[in-house]
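Understanding the architecture of this molecule
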Amino acid sequence: EMGVTVLIALAAAATGMILAFFAALVISARTSKNKTLTLIIRMLASLTRNIPEGVWAIVLLMCFWYGEFLAYLVMSIISFGFLARVYADAMDEASMDCIEALEATGASYWQIIFNAVVPETLPALISWSLYAAENNIRSSTIIGMLAGGGIGYLIGNYRHFRQFQSLLVAIVLVVAAVLIFDQISAQIRRRILQ
């Protein structure tokens, strides 16, 4: 179940990253083109970011069946809200010189994004993405207890049936997984930022 937990956490983080990237393009002052759409996406990202994962799990439990998909959905929503904000902030810090130079040459919107904005903000985007994945692994235990799936579901069962030895082993596995992923992401960040 620990493998299922890590897989769900990473898949949810990847989904959140993809959705957040496109949302950040709409939200960022450097890349946005439509003020109405910017306002709508900013409100959606703020809503998904500010509602705790436990509340999302309970609300979505009414719409979806208890299990791994629900846990994946909750973590995707939380990752999206968080990453949309930090990606947009990173894009806002991109240099206008490169953007203006490409605009002057007649580059298309996507050429500007992939030749000016993304290369300059890529280290920050990767760093925040790793942090979101790490955060999902931490949160997956609580979400699993509420929404079902992974090691959180087992922890809930062990606690309910007072199987304290199994509960301790499950908690130690979660702590070990978080520490291992923290070390891996720190190594990746160190290599990217050099």
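From a predicted model like this one, the values you see are computed outputs, not experimental measurements.

What the protein contains, in helices and strands, is eight helices and zero strands. In sequence order, the secondary structure elements of the protein are arranged as α-α-α-α-α-α-α-α. Considering only C-alpha atoms, the protein reaches an extent of 70 × 40 × 20 Å along its principal axes. Pairs at least 24 apart in sequence give 73% of the contacts found in the protein among residues at least 6 apart. Of the side chains in the protein, 12 bear a positive and 12 a negative charge, and the two mean positions are spaced by 6 Å.

The backbone of Arg162 sits at a positive phi, close to 55 degrees, despite the residue not being glycine. Relative to the elements of secondary structure, Arg162 occurs in the loop between helix H7 (150–160) and helix H8 (164–193). We classify Arg162 as exposed; its relative accessible area is 62%.

Turning our attention to the packing of aromatic side chains. A full pass over the atoms with the stated rule returns nine aromatic pairs. For the ring pair Phe21 and Phe22, a centre distance of 5.4 Å and an interplane angle of 80 degrees mean the geometry is edge-to-face. Between Trp128 and Tyr131 the ring centres are 6.0 Å apart and the planes differ by 90 degrees, which places this aromatic pair in the edge-to-face class. In this pair, Trp128 and Tyr131 are both assigned in helix H6 (residues 109–147), three residues apart and thus about one turn of the helix distant. We classify Tyr131 as partly exposed; its relative accessible area is 32%. Chaining the aromatic ring pairs together yields one cluster made of Phe21, Phe22, Tyr109, Trp110 and Phe114.

Attention shifts here to the side chain of Thr121. Relative to the helices and strands, Thr121 resides in helix H6. Take Thr121: its relative accessible area is 3%, and that puts it in the buried class. In this structure the side chain of Thr121 is engaged in a polar contact, spanning 2.8 Å, whose partner is the backbone oxygen of Val117. Ignoring sequence-local partners within four residues, the contact set of Thr121 consists of Ala90, Met91 and Ala94.

Taken together, the side chains of Ile18, Phe22, Trp110 and Phe114 present a nonpolar region at the surface, about 440 Å² in accessible area. Topologically, Phe114 is positioned in helix H6.

For helix H4 (residues 68–92), spanning 25 residues, the distance from its first C-alpha to its last is 36 Å, which sits close to the expected 36 Å at 1.5 Å a residue. Of all 25 residues making up H4, 18 are buried, and the element is well covered by its neighbours.

Across all of its chains, the model carries three salt bridges by this definition. Overlapping salt bridges, with partners in common, bring together Glu134, Arg138 and Arg189 in one network.

Mapped onto the secondary structure, Leu130 falls in helix H6. Put simply, Leu130 and Gly148 are 18 residues apart on the chain and 24 Å apart in space, counted from C-alpha to C-alpha. If near-sequence neighbours (up to four positions away) are discounted, Leu130 is found in contact with Phe181, Ser185, Ile188 and Arg189.

Parameters at a glance
- Residues numbered from 1 in each chain as written.
- Predicted model: local features only at pLDDT ≥ 70, side-chain atom pairs only at ≥ 80, totals over all residues.
- Heavy atoms only, no water.
- Helix = DSSP H or I, 4+ residues; strand = E, 2+ residues; numbered from the N terminus.
- Contact = heavy atoms within 4.5 Å.
- Lys, Arg positive; Asp, Glu negative; His and termini not counted.
- Charge placed at Lys NZ, Arg CZ, Asp CG, Glu CD.
- Buried < 20%, exposed > 50% of the residue type's maximum accessible area, 1.4 Å probe, protein only.
- Phe/Tyr/Trp six-rings, centres within 6.5 Å; stacked < 30°, edge-to-face > 60°.
- Polar contact = N/O pair within 3.5 Å; in protein donor to acceptor, adjacent residues only side chain to side chain.
- Patch = residues over 30% accessible without salt bridge, like charges linked within 9 Å, V, L, I, M, F, W, Y side chains within 5 Å.
- Areas by Shrake-Rupley, 256 points an atom, 1.4 Å probe, with all protein chains shown as cover.
- Salt bridge = Lys/Arg side-chain N within 4 Å of Asp/Glu carboxyl O.
- Expected span 1.5 Å × (residues − 1).

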